Amino acid sequence: MDKNSKIYIAGHRGMVGSAVWRALEKKGYTNLIGRTSRALDLKNQEAVLNFLQEEQPHAIIDAAARVGGILANNDYPYQFIMENMQIQNSLIDGALKTGIEKFVFLGSSCIYPKLAPQPLKEEYLLTDSLEPTNEWYAIAKITGVKACQAIRKQFNKDYVSLMPTNLYGYFDNFDLKTSHVLPAMIRKFHEAKLNNNADVTLWGSGTPMREFLFVDDMAEAVVYALENELPEYLYNVGSGKDITIKELAETIQKAVGHEGDIVWDADKPDGTPRKLMDVSKMKEIGWQYKTELDEGIAKTYRWFLENIENVKEVKM
């Protein structure tokens, strides 16, 4: 990949897309393009095809998606399955039709079965049933993975799928109804701290185990996939380490400086008991994470404080 190669980042204003943009700029790439959703509706297949024919990028990074936590997935299943399929179908099919040789598709660890053996290996895909609370998003992402694999098999193009673990960091979504667990906790603890260190109520039992990856590390993995021809169609991207939700809450509480109590609402769902990625395939080809969780949380909270007036809140 030449430093002057035109690279289109779909979702360039989102948490992952903006991190990829920063990482590429840092490496000296000078011809990056992005479009806001107002300028280009990625659900509109004809509009996307016209855009790709006009711009003729050398590579596409698909970081665009309708995303959210358990509550959002549960309340808006149709949007999560349909909008994600529309977005990725427009981009993947448009890339094939316009002769684009390089495509990096980003998904999520939720594509794997709910009760798959831990840690999650790439070959566990489609071996059992999914977690019901986010199966709509998962099914959409699985179709994207399979579409890229089919193009790779039939047309011999370098289309690869990266499946990140739970991501967090700068430009995350901090809306309490639609966000993922880590940014939601940052906001809850921060607001409770301001409210005389009021108690913080969190969903579930605190016992499920989760893995987290700082978004700048994810961006480095995307750049690595862009600059190298990866031998397989699907790769997990994560730290390979997990902690309980209770430990996560305590780590965030400490970073924020909240001094109240944590109350666990056991009537609320826990989701999957454990989700740890096997990241050995990425490690074998030369990539691994850099940012430890406590450092990443501290960086994210500092960013949250600096941008508190206009942090992202995704409404459905």
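Scroll up to find the structure.
What comes next is a walk through the structure.

The rules behind the values
- Residues numbered from 1 in each chain as written.
- Predicted model: local features only at pLDDT ≥ 70, side-chain atom pairs only at ≥ 80, totals over all residues.
- Heavy atoms only, no water.
- Pairing = 2+ DSSP bridges.
- Helix = DSSP H or I, 4+ residues; strand = E, 2+ residues; numbered from the N terminus.
- Contact = heavy atoms within 4.5 Å.
- Axes fitted to C-alpha atoms, helices over the stretch in contact; angles between N-to-C directions.
- Phe/Tyr/Trp six-rings, centres within 6.5 Å; stacked < 30°, edge-to-face > 60°.
- Buried < 20%, exposed > 50% of the residue type's maximum accessible area, 1.4 Å probe, protein only.
- Core = buried A, V, L, I, M, F, W, Y, C linked by side-chain atoms within 4.5 Å.
- Right-handed = clockwise from strand over helix to strand, strands pointing away.
- 1 Å grid on protein atoms, 1.4 Å probe; cavity = no way out; pocket = protein on both sides within 12 Å on 5 of 7 lines; lining within 4 Å.
- Points joined across faces, edges and corners; volume = space filled by probe spheres on them.
- Nonpolar A, V, L, I, M, F, W, Y, C, P; charged D, E, K, R; others polar.

Read across the sheet, six strands follow the order S2-S1-S3-S4-S5-S10 without closing on themselves; strand pairing throughout is parallel. Each having just a single partner strand, strand S2 (32-33) and strand S10 (234-237) make up the two edges of the open sheet. As paired strands, strand S3 (residues 59-62) and strand S4 (residues 102-106) are joined by four bridges and run parallel to one another. Looking at the pairing, Ile-60 lines up with Phe-103 of S4. With respect to the sheet, helix H1 (residues 15-26) is in contact with strand S1 (7-10), S2, S3 and S4, its orientation differing from that of S1 by roughly 155°. Helix-sheet contacts for helix H5 (residues 135-155) involve S4, strand S5 (158-164) and S10, and the interaxial angle to S5 is about 155°.

To continue, consider the packing of aromatic side chains. Following the criterion strictly, the structure yields nine aromatic pairs and no others. Ring geometry for Phe-103 against Tyr-159: centres 5.3 Å apart, planes inclined by 25°, an arrangement best described as stacked. One end of the pair, Phe-103, is in strand S4; the other, Tyr-159, is in strand S5, and 56 residues separate them in sequence. For the residue pair Phe-103 and Tyr-159, the accessibility class agrees, reading buried in each case. Judged by centre distance (4.9 Å) and plane angle (55°), the ring pair of Phe-171 and Trp-303 falls under tilted. With Phe-171 in the loop between strand S6 (166-168) and helix H6 (181-194) and Trp-303 in helix H10 (residues 293-306), the pair connects residues that are 132 residues apart, well separated along the chain. Judged by relative accessible area, which is 12%, Trp-303 ranks as buried. Ring pairs connect the aromatic residues Phe-171, Phe-174, Tyr-301, Trp-303 and Phe-304, which therefore count as one cluster.

In this structure, Tyr-8, Leu-42, Leu-91, Phe-103, Tyr-112 and Met-163 are the most contacted members of the largest nonpolar core, which totals 38 residues. Only S1, helix H2 (45-55), helix H4 (77-97), S4, H5 and S5 provide two or more residues apiece to this core. The greatest single-element share of this core, amounting to six residues, is contributed by H5. Leaving out residues up to four positions away in the same chain, Tyr-8 has contacts with Ile-33, Gly-34, Arg-35, Leu-40, Leu-42, Phe-51, Leu-52, Pro-57, Ala-59, Ile-60, Ile-61 and Leu-91. If you look at the next biggest cluster of nonpolar residues, it comprises 34 residues, including Leu-32, Ala-63, Leu-226 and Met-282.

Below, the discussion takes up the pairing of S4. Taking burial as the measure, the five residues of S4 include five buried ones, the bulk of the element. Burial along S4 is two-sided: Lys-102, Val-104 and Leu-106 facing one way and Phe-103 and Phe-105 facing the other are all buried. A crossover connection joins S4 to the parallel S5 through H5; in handedness this β-α-β unit is right-handed.

What follows is about empty space enclosed by the protein. For the structure on display, the rule yields one cavity of 30 Å³ or more. What the largest cavity holds in volume is close to 70 Å³. Around the largest cavity, the lining residues are Ser-109, Cys-110, Tyr-112, Pro-113, Lys-114, Gln-118, Leu-120, Glu-131, Asn-134, Thr-272, Arg-274 and Lys-275. Considering only residue class, the lining of the largest cavity consists of four nonpolar, four polar and four charged.

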